[in-house]
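Chain residues, written in single-letter form:
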Amino acid sequence: MTAKHFILDVNVIVDLWLKERSAPTTIKLLARSTDPDIHFWLTAAALSTLDYVARCAFKRRGLPPEAVTQIVPELIEALLSVVKILSNYGFEQQTVYQRAHDFEAAQMAATARSLAGQPACIVTENQTFDTLGEILAKTPEQALNWLQEKSTPPTAIPFIDLAAQQTLIRPLLERNIETVLRHGQYIMGPEIKQLEERLADYVGVKHCITVSDGTKALLIAMMALDIGIGDEVITTPFTFIATGEMIALLGAKPVFVDIDPRTYNIDPNKIEAAITAKTKAIMPVSLYGQCADFDAINKIAANYNLPVIEDGAQSFGATYKGKQSCGLSTIGSTSFFPSKPLGAYGDGGALFTNDDHLAKVMSEIRLHGQDRRYHHPRIGINGRMDTLQAAILLAKLSLFPQEVAARAEIGANYTRLINQANTNITIVTPYIEAHNTSVYAQYTLQTKNRNALQEKLTKAGIPTAVHYPVPLNKQPALKTNEFALAISESLSEKVISLPMHPYLKNTEQIHIVHAILSSINLSSE
Ligand SMILES: Cc1ncc(COP(=O)(O)O)c(C=O)c1O
């Protein structure tokens, strides 16, 4: 079922408390608040009105003033465990005030509009409700009927649904953003340090340095390791361009090593043959949300005294042998691009290390190489994270552990649904090592008929993506014929990623899997 939103008018709540009119229906309505798809809202402005109106109503009922003073805050507190408060920003209030005949109605309509086009109604006892003609107003009875209506199966499924998450934490997001607007420290504000402490704690390392994005995180990590012209960095060609691009940007050479065909991550057995006197680091990528084999990689690196940088842009939240991604090697690097498992509302990234010296150097490099104001012992860049993004990520972190768990469950469910199709299917589902947990930044299949499948799924309203159609050794900017990269080259023609996010429903997954199976003329029965 798609999410539904109910914005409650004060009169409905007061009637509920006085046990008048539609109180029994409102009880049934609010009983559905535990359903993750049903959301009840109150506008910020309505809260004070509710407090005032309820006090007046109880007094009119003859309740002694002391009882009123006690009961109303208690009732409001109980209500707040069921409804969320949504504020409207100043400019919104000003325009609704100018346009509205009924300010409260306009406030509620503005709240409904701010839910980004999701199905919403205002629940009110007011028969002549004026919403400026934009938003449906329903009595509690009509609202309950609407809630109980069976929703039609989804016609268009988003590849990633950022709205569902936003709904859950909207009040916290607004509060955190508002705090930044109030203190005004948009660059390196207090939220940066708060976030760094929370992230270091989550990963289980001594230091986290937030940065402007995952690409700059890789650049800063390599700058801190003094990687430059003529050096070589061993990495995988089966990744997003940023991994190889940042090596090349520093004048170093990306040395591509082929991947393990089951995990899509760099094959540790092939690393040693690529090490030369010029090798300065190994940079594995934990692709699609699953960590590379760090024990094997770290062992080789230790033998040659090389640092290891994990490009964990897709794996933040994943574990390897019980340890968090980004805490598995000399430096861990990640991205908070909006669609990543932990995504900001813009660009963001972070670096992780247990090495005090590297932490200091990396934090200086992200601030133009300065160790104190206007003193620059080294060359750096402008690589800071915006305070607003840190404030947003702090709000999102409150949901992250449950989202990581949901991702693992949804990934496993896809695999089960696809593999239970009783057929010698031409589709290969993701292989997750027993010692790994994946955050399924992408849920990626292999099929020989990728283009045909993609075309059919697009026609069925199911978006897909290819991560990545061209391995880096074949990209014009990085082209090299130096290595045999047969596995990467072959898999880049077969991989296809399905819609994946922590709020993907079982019904949507079934719909997607049926579409895949019927696209390749197979039945799931
Ligand atoms: C493997 C990998 N590395 C690096 C990056 C770069 O991150 P950002 O987009 O935050 O710069 C990405 C982002 O897609 C990625 O997937």
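Residues numbered from 1 in each chain as written. Predicted model: local features only at pLDDT ≥ 70, side-chain atom pairs only at ≥ 80, totals over all residues. Heavy atoms only, no water.

Caption draft 1: Layout of the overall build of the protein. Along the protein, the regular secondary structure elements total 18 helices and 18 strands. Along the longest, intermediate and shortest principal axes, the C-alpha atoms of the protein span 90 × 65 × 40 Å. Counting over 525 residues, the protein shows a buried share of 54%. Taking contacts inside the protein between residues at least 6 apart in sequence as the whole, the part at least 24 apart equals 70%. (Helix = DSSP H or I, 4+ residues; strand = E, 2+ residues; numbered from the N terminus. Buried < 20%, exposed > 50% of the residue type's maximum accessible area, 1.4 Å probe, protein only. Contact = heavy atoms within 4.5 Å.)

Caption draft 2: Inspection of the site of the ligand at higher detail. Around the ligand, a shell composed of 16 residues is seen, among which Gly-214, Thr-215, Asp-311, Ser-335 and Lys-340 lie nearest. Within the side chain of Lys-340, a nitrogen or oxygen atom sits 2.6 Å from an oxygen atom of the ligand. Alone, the ligand offers 390 Å² of accessible surface; in the complex the protein occludes 93% of this. Put simply, the parts of the chain that give the shell around the ligand at least two residues each are α10 (214-224) and α11 (241-249). Looking at the shell around the ligand, its residues break down into six nonpolar, seven polar and three charged. (Near = heavy atom within 4 Å. Polar contact = N/O pair within 3.5 Å; in protein donor to acceptor, adjacent residues only side chain to side chain. Areas by Shrake-Rupley, 256 points an atom, 1.4 Å probe, with all protein chains shown as cover. Nonpolar A, V, L, I, M, F, W, Y, C, P; charged D, E, K, R; others polar.)

Caption draft 3: Spotlight on the nonpolar core. Residues Leu-199, Ile-234, Ile-271, Phe-316, Phe-336 and Phe-352 are the most contacted members of the largest nonpolar core, which totals 41 residues. If you list the elements that add at least two residues to this core, you get α9 (190-203), α12 (294-303), β14 (349-353), α14 (387-397) and α15 (400-419). Inspection of this core shows a minimum of three residues originating in each of domain 2 (166-397) and domain 3 (400-519). Ignoring sequence-local partners within four residues, the contact set of Phe-352 consists of Leu-199, Ala-200, Val-203, Val-205, His-207, Cys-208, Phe-316, Cys-326, Thr-330, Ile-331, Gly-332 and Thr-334. (Core = buried A, V, L, I, M, F, W, Y, C linked by side-chain atoms within 4.5 Å. Domains from an automatic or database assignment.)

Caption draft 4: The arrangement of the sheet that holds strand β1 (residues 4-8) in detail. Reading across the sheet, the five strands line up as β3-β2-β1-β4-β5 and stay open at both edges, with parallel pairing between neighbours. Each of the sheet's edge strands pairs with one partner strand only, and the pair in question is β3 (83-86) and β5 (137-138). Sheet topology note: the strand β4 (residues 120-123)/β5 ladder contains two bridges and is parallel. Bridged to Val-123 within β5 is Lys-138. In this fold helix α3 (residues 44-60) packs onto β2 (38-43) and β3, with an angle of close to 70° to the strand it touches most, β2. (Pairing = 2+ DSSP bridges. Axes fitted to C-alpha atoms, helices over the stretch in contact; angles between N-to-C directions.)

Caption draft 5: Broad picture of the side chain of Ser-438. With respect to the helices and strands, the residue Ser-438 is situated in the loop between β16 (436-437) and β17 (443-447). In terms of polar contacts, Ser-438 uses its side chain to reach the backbone amide nitrogen of Tyr-440, at 2.9 Å. Apart from the residues within four sequence positions on either side, Ser-438 is in contact with Tyr-288, Gly-289, Gln-290, Ala-318, Ala-408 and Ile-432.

Caption draft 6: Inspection of the state of the cysteines at higher detail. For the coordinates displayed, the defined rule picks out zero disulfides. Cys-208 takes part in no disulfide bond, and the closest cysteine sulfur to it belongs to Cys-326, at a distance of 9.1 Å. Summary of cysteine pairing: Cys-291 is not part of a disulfide, and the nearest cysteine sulfur, belonging to Cys-326, is at 7.8 Å. (Disulfide = S-S within 2.5 Å.)

Caption draft 7: Region of interest: the side chain of Asp-311. Tracing the backbone through its elements, the reader meets Asp-311 in strand β10 (residues 309-311). The buried charged residue Asp-311 lacks any salt bridge partner; its closest oppositely charged side chain belongs to Lys-340, at an N-O distance of 7.8 Å. Here Asp-311 is in contact with Leu-218, Thr-243, Pro-284, Val-285, Ser-286 and Ser-333, once residues within four sequence places are set aside. (Lys, Arg positive; Asp, Glu negative; His and termini not counted. Salt bridge = Lys/Arg side-chain N within 4 Å of Asp/Glu carboxyl O.)

Caption draft 8: Structural view of the domain arrangement of the protein. Segmentation of the protein into domains returns domain 1 (4-148), domain 2 (166-397) and domain 3 (400-519). Here domain 1 and domain 2 have C-alpha centroids that lie 45 Å from each other. Of the residues lining the interface, 10 residues belong to domain 1; the matching set on domain 2 comes to six residues. Taken over both partners, the interface formed by domain 1 and domain 2 buries close to 760 Å², and the fraction arising from carbon and sulfur atoms is 52%. The interface formed by domain 1 and domain 2 contains zero salt bridges. Of all the secondary-structure elements, those providing two or more residues to the side of domain 1 that touches domain 2 are β2 and β3. In terms of residue count, the dominant contributor to the side of domain 1 that touches domain 2 is β3 (three residues). (Buried area = accessible area lost by both parts, 1.4 Å probe.)

Caption draft 9: Structural detail: the environment of Thr-210. Tracing the backbone through its elements, the reader meets Thr-210 in strand β6 (residues 207-211). Using a relative accessible area of 0% as the deciding quantity, one classes Thr-210 as buried. In sequence terms Thr-210 and Gly-383 are 173 residues apart; their C-alpha atoms lie 8.7 Å from each other.

Caption draft 10: Seen up close, the packing of α10 against α11. Following both chains from N to C, one finds α10 and α11 inclined at 40°, their axes separated by 9 Å at the closest point. Judged on the interaxial angle alone, α11 and α10 are oblique. The element α10 and its partner α11 pack so that their crossing is right-handed. Note on element contacts: α11 touches α10 through Ala-242, Thr-243, Glu-245, Met-246, Ile-247 and Leu-249, opposite Thr-215, Leu-218, Leu-219 and Met-222. A breakdown of the residues in the contact of α10 with α11 according to their chemical character gives seven nonpolar, two polar and one charged. (Parallel < 35°, antiparallel > 145°, perpendicular 65-115°, else oblique. Left-handed = near helix turned anticlockwise from the far one by under 90°.)

Caption draft 11: Representation of the sheet that holds strand β13 (residues 331-335). Overall, mixed pairing links the four strands, which are arranged β6-β14-β13-β10 in an open sheet. One side of each edge strand has no neighbouring strand; the edge strands of this open sheet are β6 and β10. The sheet shows a mean angle of 20° between the axes of neighbouring strands, direction not considered. Two strands pair when backbone bridges link them, and β13 and β14 are joined in this way by four bridges, in the antiparallel orientation. Along β14, the bridge assignment pairs Ser-335 with Gly-349. Together, β6, β10, β13 and β14 form the strand contacts of α10, whose direction differs from that of β13 by roughly 160°.

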